[in-house]
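# A structural walkthrough
Listed below, chain by chain, are the residues.
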Amino acid sequence: MLTLFHCADARSFRALWALEELRLPYELKLLPFPPRVLAPEYLAENPLGTIPLLVDGATRMTESAAIIQYLATRDGPTPLSVEPGDPAYGDWLNGLHFGEATLTFPQTLVLRYTRLEPKDRRNPQVADDYGRWFNARLKGLEPRLAANGGWYCAGRFTGADISVGYALLLAQTLGLHARFTPAVAAYWGRLQGREAFVRAKAAQGDGPAATWQGG
């Protein structure tokens, strides 16, 4: 069985959401954030102390966008994948990384300098600058939504939407969602309405326990 080490609403939510979309059996190990400080025993599993960690037999993965791709393709094509040869394949790969490298990265600095650093080291100017950077990068999302029926690529929901959707979840956590345009806000609403998203939130404790164990 797959095992996912996870902190609520951390990057590992991408993996949890993908597991729920694919209805794969998994064991969820919830940790406090940041685990390298609050759960030092976790360093024996992942010396970096980062989240996520997905364990599948001898396979151990720590990059959230790569985990989406792995789960979407390890047993052949799935509804989350776009296959090589499909005209949307490049867009799909781009979306997996756009959600992390372009949209999530600047928000990590907002998180750090508003919440994680000691109060005497917090920096509202840095946080505001990177918050604006994040919102500026969202401009690249709207044309894709308009061209793909309201999704990132291929005219349907895929793993790319999970990657981008997590960045929007983080934005809501940080209060950056107030600057969403109507098109991005509507997209975020569609993502939150997916049954697998709701199950993933419940599995981490945002509601009744609902981790699916197969069958």
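Just above sits the structure.
So, here is what we can say about the structure in this document. A quick note: this is a predicted structure, and the numbers were derived from the prediction, not measured.

### Topic: helix α3 (residues 64-73)
Of all the positions in α3, only S64, A65, I67, I68, L71 and A72 are classed as buried. End-on, the buried residues of α3 take up no more than an arc of 160 degrees, which puts them together on one face. Tucked inside the fold, the buried residues of α3 contact β1 (2-6), α1 (13-22), β3 (53-56), β4 (59-61), α4 (89-116) and α7 (159-174).

### Overview of the pattern of salt bridges
Scanning all chains against the criterion turns up 14 salt bridges. Put simply, E100 and R14 hold a salt bridge, and the shortest N to O gap is 2.7 Å. You can see E100 sitting in helix α4 and its partner R14 sitting in helix α1, a full 86 residues away along the chain. Owing to a relative accessible area of 19%, E100 belongs among the buried residues under this scheme. Residue R14 is classed as buried on the basis of its relative accessible area, which comes to 0%.

### Quick notes on the side chain of E100
At 2.7 Å, the side chain of E100 forms a polar contact with the side chain of R14. Ignoring anything within four residues of it in the chain, the contact list for E100 reads R11, R14, S64, F105 and S163.

### Describing the packing of α1 against α3
Two numbers describe how α1 lies on α3: the axes approach to 9 Å, and their chain directions differ by 15 degrees. Classified by the angle their axes make, α1 and α3 are roughly parallel. Once α1 is placed against α3, the crossing between them reads as right-handed. Of α3, the residues touching α1 (which contributes R14, A15, A18, L19 and L22) are S64, I67, I68, L71 and A72. Looking at the contact of α1 with α3 residue by residue, the class counts come to eight nonpolar, one polar and one charged.

Here is what the cut-offs are and how they apply
- Residues numbered from 1 in each chain as written.
- Predicted model: local features only at pLDDT ≥ 70, side-chain atom pairs only at ≥ 80, totals over all residues.
- Heavy atoms only, no water.
- Buried < 20%, exposed > 50% of the residue type's maximum accessible area, 1.4 Å probe, protein only.
- Helix = DSSP H or I, 4+ residues; strand = E, 2+ residues; numbered from the N terminus.
- Arc of directions from axis to C-beta.
- Contact = heavy atoms within 4.5 Å.
- Salt bridge = Lys/Arg side-chain N within 4 Å of Asp/Glu carboxyl O.
- Polar contact = N/O pair within 3.5 Å; in protein donor to acceptor, adjacent residues only side chain to side chain.
- Axes fitted to C-alpha atoms, helices over the stretch in contact; angles between N-to-C directions.
- Parallel < 35°, antiparallel > 145°, perpendicular 65-115°, else oblique.
- Left-handed = near helix turned anticlockwise from the far one by under 90°.
- Nonpolar A, V, L, I, M, F, W, Y, C, P; charged D, E, K, R; others polar.

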